[in-house]
Amino acid sequence: MFRRLALVVVLVVSLPAVATAGVGTSATPQSVDARTDAVVRTAVDPLGSTASASTGVGPASESTASEGVDSASESNATAATETIRRTVELSLTPDEPGSVQAVVTYEVPDPVTRLEVSLGDESTVVATDGFERQSDGTYAWTESTSTPTLELRVDANRTSGGRRTAVDASGSGAAGTGAAGTGASADGYVFVDAGPWALVQVPRVGTRWGWTGATDVDLEKDAVVDGAGATGGEMAYLGPVERYTAEGRGERFELVVPERAELNGTPQAVLGSLVAASDDLRVDARSEEVFVIAAPEDVDWGIAGLQFGEDDAWVLAGSPVDSPDSVWIHEYVHTRQAFDTTESGRWVTEATADYYAALLAYGQGNASYAAFRRQLERGQRDQYDDDVLAFPQTWSSGANYLKGALAAGAIDLAMRESTNSSASFQTTFRALNAYNGTVSNDVVLDAVGDGAGANVRAYASALTRSDRTAEAWDERTHERYFGVQPPVFDVSVPVAGVATSGPYGERTLGRTRATVIAGETLSVTVAVTNVGWQAGTYTTAMTVNGQRVAVREGELATGASTTVTFEQAFDDPGTYRVRAGGRTLAVEVVEPPSPTVEDVSVPTTVAAGEEVTLSFSVRNDAPVPGRVVVPVALDGEVLANETVLVPAESSVQRTYTISFAGSGEQVVSVRDQTVTVQVTGATTTERTSQGGGTTEESLPVPGFGASVALAALAVLALVALGRGRD
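Our subject in this report is the structure included herewith. What you see as residue numbers is a count from 1 along each chain, following the sequence as written. With pLDDT at 70 or above as the cut-off, local features in this predicted model cover only qualifying residues; side-chain atom pairs require 80 or more to be listed or tallied, and sums for whole chains, interfaces and linings still use all residues. Hydrogens are left out, water is left out, and the side-chain values use all remaining heavy atoms of the structure.

With that out of the way, let us pick up the environment of Phe482. Each helix corresponds to a stretch of at least 4 residues labelled H or I by DSSP, and each strand to a stretch of at least 2 residues labelled E; elements are numbered beginning at the N terminus. Looking at the element boundaries, Phe482 is found in helix H10 (residues 475-482). Only protein chains enter the area calculation, which uses a 1.4 Å probe; residues under 20% of their type maximum are buried, those over 50% are exposed, and those in between are partly exposed. Overall, the relative accessible area of 11% leaves Phe482 in the buried class. With 58 residues separating them in the primary sequence, Phe482 and Ser424 have C-alpha atoms 9.4 Å apart. Two residues form a contact once any of their heavy atoms are found within 4.5 Å. Sequence-distant contacts of Phe482, that is, excluding residues within four places in its chain, are made with Tyr355, Leu359, Asp412, Leu413, Arg416 and Trp473.

So, about the pattern of salt bridges. Should a side-chain nitrogen of Lys or Arg be within 4 Å of a carboxyl oxygen of Asp or Glu, the pair is scored as a salt bridge. What the rule picks out here adds up to 25 salt bridges. Across the salt bridge formed by Arg85 and Glu220, the nearest N and O atoms sit 3.5 Å from each other. Of this pair, Arg85 sits in strand S4 (residues 82-92) while Glu220 sits in strand S16 (residues 217-225), placing them 135 residues apart in sequence. For Glu220, a relative accessible area of 26% corresponds to the partly exposed category. The salt bridge involving Asp279 is made with Arg249; its shortest N-O contact spans 3.6 Å. Of the two residues, Asp279 sits in helix H2 (residues 267-280) while Arg249 sits in the loop between strand S19 (241-247) and strand S20 (252-258), which places them 30 residues apart along the sequence. Using a relative accessible area of 28% as the deciding quantity, one classes Asp279 as partly exposed. Relative accessible area serves as the criterion here: at 37%, Arg249 is assigned to the partly exposed category. Salt bridges here are not isolated pairs; linked through shared partners, they connect Asp446, Asp450, Arg457, Arg577 and Arg579.

Helix axes are fitted to C-alpha atoms over the stretch in contact, other axes to C-alpha atoms as well, and angles between N-to-C directions run from 0 to 180 degrees. For the pair helix H6 (residues 399-418) and H10, interaxial distance at closest approach is 10 Å and the crossing angle is 55°. Viewed along their axes, H6 and H10 adopt a mutual orientation that is oblique. Here the hand of the crossing between H6 and H10 comes out left-handed. Within the contact between the two elements, H6 uses Asp412, Leu413, Arg416 and Glu417 and H10 uses Thr477, Tyr481 and Phe482. Tallied by class, residues from the contact of H6 with H10 come to three nonpolar, one polar and three charged. Under this scheme an angle from 65 to 115 degrees is roughly perpendicular, one under 35 degrees roughly parallel, and one over 145 degrees roughly antiparallel; angles in between are oblique. Each crossing is labelled by how the near helix is turned from the far one, with a counterclockwise turn of less than a right angle marking it left-handed and a clockwise turn marking it right-handed. Any residue outside Ala, Val, Leu, Ile, Met, Phe, Trp, Tyr, Cys, Pro, Asp, Glu, Lys and Arg is labelled polar, Gly included; the first ten of those are nonpolar and the last four are charged.

Along the chain, Ser422 falls in the loop between H6 and helix H7 (425-434). Residue Ser422 is classed as buried on the basis of its relative accessible area of 18%. We define a polar contact as two N or O atoms separated by no more than 3.5 Å, with the added condition that, inside protein, one atom must be a possible hydrogen donor and the other a possible acceptor, whereas residues neighbouring each other in sequence contribute only through side-chain atom pairs. Among the polar contacts made by the side chain of Ser422, one reaches the main-chain carbonyl oxygen of Thr419 at a distance of 2.8 Å.

Of the two faces of strand S18 (residues 235-238), the one holding Met235 and Tyr237 and the one holding Ala236 and Leu238 are both buried throughout. One requirement defines pairing of two strands: DSSP has to find at least two bridges between them. Strand direction decides the pairing type here: strand S14 (residues 198-201) and S18, joined by four bridges, are antiparallel. Of the residues in S18, the one forming a bridge with Ala198 is Leu238. In terms of strand pairing, strand S17 (residues 229-231) meets S18 through three bridges, oriented antiparallel. When the sheet's bridge partners are listed, Thr231 is paired in S18 with Ala236.

Turning to the nonpolar core, a few remarks are in order. Counting 95 residues, the largest nonpolar core has Leu199, Trp301, Trp314, Trp328, Tyr355 and Tyr356 as its most contacted members. Grouping buried Ala, Val, Leu, Ile, Met, Phe, Trp, Tyr and Cys residues that are joined through side-chain atoms within 4.5 Å yields what is termed a nonpolar core. Counting residues in hydrophobic clusters, the runner-up holds 30 residues, among them Val100, Val108, Phe131 and Trp141.

Further remarks concern the packing of helix H4 (residues 347-363) against H6. Interaxial distance between H4 and H6 falls to 7 Å at its minimum, and their mutual angle equals 70°. Our classification of the angle between H4 and H6 gives roughly perpendicular. Considering how the two elements wind past one another, H4 and H6 form a crossing that is right-handed. Of the residues in H6, those touching H4 at Trp347, Glu350, Ala351, Asp354, Tyr355 and Leu359 are Asn400, Tyr401, Leu402, Gly404, Ala405, Ala408, Gly409 and Asp412. Here the residues of the contact of H4 with H6 sort into eight nonpolar, three polar and three charged.

Here we come to unusual backbone geometry. For Asn420, which is not glycine, the phi dihedral falls at a positive 55°. As for its position among the elements, Asn420 is in the loop between H6 and H7. With a phi close to 55°, Asp599 is a non-glycine residue in the positive phi region. Looking at the secondary structure, you find Asp599 in strand S34 (residues 596-601). Exposure remark for Asp599: the relative accessible area of 55% places this residue in the exposed category.

Bringing helix H8 (residues 441-452) into the picture now. Given a helix with a known number of residues, its expected span is that number minus one, times 1.5 Å. Its twelve residues give H8 an end-to-end C-alpha distance of 16 Å, which sits within 8% of 16 Å, the value for a rise of 1.5 Å per residue. Counting buried residues along H8, ten of its twelve residues qualify, which places the element largely inside the surrounding structure. One or two residues past the end of H8 sits Gly453, with phi positive at roughly 100°.

Attention shifts here to a negative patch on the surface. Here, patches come from residues exposed beyond 30% relative accessible area and free of salt bridges, joined within 9 Å for like charges and within 5 Å for nonpolar side chains (Val, Leu, Ile, Met, Phe, Trp, Tyr). Note that accessible areas follow from Shrake-Rupley with a 1.4 Å probe, and for residues the cover is restricted to the protein chains shown. Positive residues here are Lys and Arg, negative ones are Asp and Glu, while His and the chain termini are left out of the count. One atom stands in for each charge, and that atom is NZ of Lys, CZ of Arg, CG of Asp or CD of Glu. A cluster of like negative charges, contributed by Asp382, Asp385, Asp386 and Asp467, occupies part of the molecular surface. You can see Asp385 is positioned in the loop between helix H5 (369-377) and H6. Residue Asp385 is classed as partly exposed on the basis of its relative accessible area of 37%.

Below, the structure is given as structure tokens:
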């Protein structure tokens, strides 16, 4: 009696399900319109913008939507098939003091089937055309017109402590003196309707929309002033103005000088200082246009300046340019801060704005060194002796501005001293702008350490995590270390810059968290570009749990770029903190997973010589690839062992074409899974398999007086030759 077994192998990999976000935007959800069976895609532009951390004034909250978020930028609109255009038009309301009028108009293209609008609590709807109020307070488009509008009354008067109703337009000057926030009055205005003029926040408007047919529908937003005035999109001045412009380094400045404002100096002097600061501050995160209003001083202002949104700001018109306490530069620096902070990192927002306002004013010749040093020494006042920068609850008034600015300057000096001026606090600032998360004090310290080493990091830690106060330095030291502009290196990890290799193959990992199998090697590619003023030597390192494991350095001319790669093998399971290229990577090293065999399927009754299908899956639930040896046996005899590599959180399906010889019960086992097959009839004839023309021969199998031929297991429909034994 003879038994034969022929196998044809097919490989199918089942990967995790990936949500389809629709076509166009990267996160556009979709549903089906029950009336038309058409696919309806949706997108959201969240409610309004938030104020800069420079005053804490801004929207109380923002709404987001679960469907997805569309960036609603003009650049995206150019790639969209259709565009919704939204315009907010602002105007004065002389008969209603304390408020202004805003008319929100939408131009809705044909593919749009749904449009909903939400408003900030500063706005009250006084009239609608084509919108209907919903029970949740939003306004839904009725489709009765393609240009629906909402007319709003907007509360204009806001203070650093909330809202205020009455304005005395004949009142005295600002309460804030010096950099924004130092000496601020909780009752003084940050936005105001003064009657003949107003300086206001553009009202917050959120939009949700759905559409069918078009590849994508984007949102283009604009804000305009009805009559005299100007707006940058986040704030607006209503009233007669003169407008001045200048080109900075990759950005354009617009200075708005109201008729009622008395500018300290000339528009050219203000713009010249901002343009010079634009060139001197090479920390990335530039806006295409920076919009600045010179605020009239005939109301009771609570602060000397405010940066709002991404690139809008106002500064009291009387603020001097020729001062180390330059509010103009202070608010400009805020437009270059692309990061948000935790509580422990809050100090760095105002500290860097105050420090660079003084440093750049001195560098521009707008302040003497003595004045620059006196500005820094304000951080040495006795009132700040017990203040700890990383713990805001310990701060006296202005500690983050003044003690923080002195600390930032001292860290800047230490970085220059330890690196022969090849690194500075701009290195740190740039790293914070590139950081992929919320900036804590530890993130600041890591960026300092990346740029200047462990000793300077420890010094920065002492200045920010204890009540230690830095000392201002003398002019000779300043000339030695600040006299020449240093190279500034942009150090980053590209999107596909983190990978691993080893016995489980090569794969790309995330840049924030990564799981590695013990025995694999982690590689991090770092891109380095000299964006500074002169050639210099870059130094970049990889650390594991705070210990340097590798250093790369080299010379780069200004504007030149290079890449370096760090590799680190991990043999022991555990959690590791890896830093390279300004990024912190949480690496979890795990034991190799053991995939499991499941869903073994083969007919339980077959005729001898009949070709049937044997299939099974090898499943791996681990977040990393797994490898397992899968023995295939017949009646306890292992006929083949196949090593199966299964991707992370996936399954691999194996399918074989087999035939049996002989009769009776025969047990097929795949690893630890078994199936009993009843074979009926018998055959002794030699035959040809159906896969690839491979032939089989009759060979005896011990204990049965029969033989078996087994094709060696292979993938992707390979058929192997039979193998016999006596």
